[in-house]
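# Architecture at a glance
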Amino acid sequence: AASQLRDKLGESLVSIQKFDTPLEETTTSSLDALKAYSLGTKTRREKGDSAAIPFFQRAIQLDPNFAMAYRTLSGAYSGLGESEQALQSAQRAYDLREHVTERERLNIESNYYLIATGDLVKAAEVYELYVQTYLRDARARSNLGYTDWSLGRYDKALQAFRAAQKLAPRSSLPRAHAGEALLFLGKHAEALKELKAAQTVDPEGDGAKLAQALIEAKDAGAFDSTLRRK
């Protein structure tokens, strides 16, 4: 309705599309910070971590106590391999966790153990509580799968990625990660089917890129019968 009204008032379609971004549900005292954060999450989905970082940094400038902006910035830095910045942001989010909702707290704490301390077992415990409390959170299930995969629990990881798929059927990443888990389980035919599906669901997404890399690794013999990657 707001977009239609803006159009009637003469705003250009390009402008409407640029700023027609749903606000995320997260704790902050600044509406401008929330807008910057929402644009960041949208940009991250569409263009990746590097393009989204300036939006999260802007959100933090506008609200230095914006815990979820620090947490999401941590994830973006981690995705780019910037481990020191990821750790610092995860720590800052953790320090601010007393002033957020329960859902945000679980998100922040699980990310803290995963990135800042490297305690995968503790991270998995928090993610388990997270997914049991918020049954329809696809990202939490996907992150649980990644943590279990890092611990070598490939069967459990596959279950988590399958659950994330059902909750986010148009996302390519859960399918690609499920295919990866299947490769480690030695189920190559099933893995290939899943990886191809990831490329079909979102050809331009990060999951499609990961799927292609895994297919090439498989074809090069990078996965052997001992369930370990060479």
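Residues numbered from 1 in each chain as written. Predicted model: local features only at pLDDT ≥ 70, side-chain atom pairs only at ≥ 80, totals over all residues. Heavy atoms only, no water.

A separate point is the overall build of the chain. Broken down by element type, the chain carries 13 helices and zero strands. Sequence-ordered secondary structure for the chain, helices as α and strands as β, is α-α-α-α-α-α-α-α-α-α-α-α-α. By the burial criterion, 43% of the 230 residues in the chain qualify as buried. Restricting the contact set of the chain to residue pairs at least 6 apart, pairs at least 24 apart contribute 44%. Counting only carbon and sulfur atoms, one obtains 50% of the accessible surface of the chain, whose full area is about 12,500 Å². (Helix = DSSP H or I, 4+ residues; strand = E, 2+ residues; numbered from the N terminus. Buried < 20%, exposed > 50% of the residue type's maximum accessible area, 1.4 Å probe, protein only. Contact = heavy atoms within 4.5 Å. Areas by Shrake-Rupley, 256 points an atom, 1.4 Å probe, with all protein chains shown as cover.)

With that settled, consider the confidence of the model for the chain. On average, residues of the chain score 88 in pLDDT, and 86% of them are at 70 or above. Note that residues 15-21 has pLDDT below 50 and, in this model, twelve contacts with residues that lie over four places away or in other chains. (pLDDT = per-residue confidence, 0-100.)

As for its placement among the helices and strands, R71 is situated in helix α5 (residues 67-79). Here R71 is buried and forms no salt bridge, its nearest opposite-charge partner D49 lying at an N-O distance of 9.0 Å. (Lys, Arg positive; Asp, Glu negative; His and termini not counted. Salt bridge = Lys/Arg side-chain N within 4 Å of Asp/Glu carboxyl O.)

This part covers the packing of helix α7 (residues 102-117) against helix α8 (residues 120-133). The contact between α7 and α8 brings their axes to 8 Å, and the two run at 160 degrees. Relative to α8, α7 is oriented roughly antiparallel. Our pair here, α7 against α8, has a crossing hand that is left-handed. Here R103, L106, N107, E109, S110, N111, Y113 and L114 of α7 come into contact with α8, specifically with L120, K122, A123, V126, Y127, L129, Y130 and T133. Its residues placed into classes, the contact of α7 with α8 shows nine nonpolar, four polar and three charged. (Axes fitted to C-alpha atoms, helices over the stretch in contact; angles between N-to-C directions. Parallel < 35°, antiparallel > 145°, perpendicular 65-115°, else oblique. Left-handed = near helix turned anticlockwise from the far one by under 90°. Nonpolar A, V, L, I, M, F, W, Y, C, P; charged D, E, K, R; others polar.)

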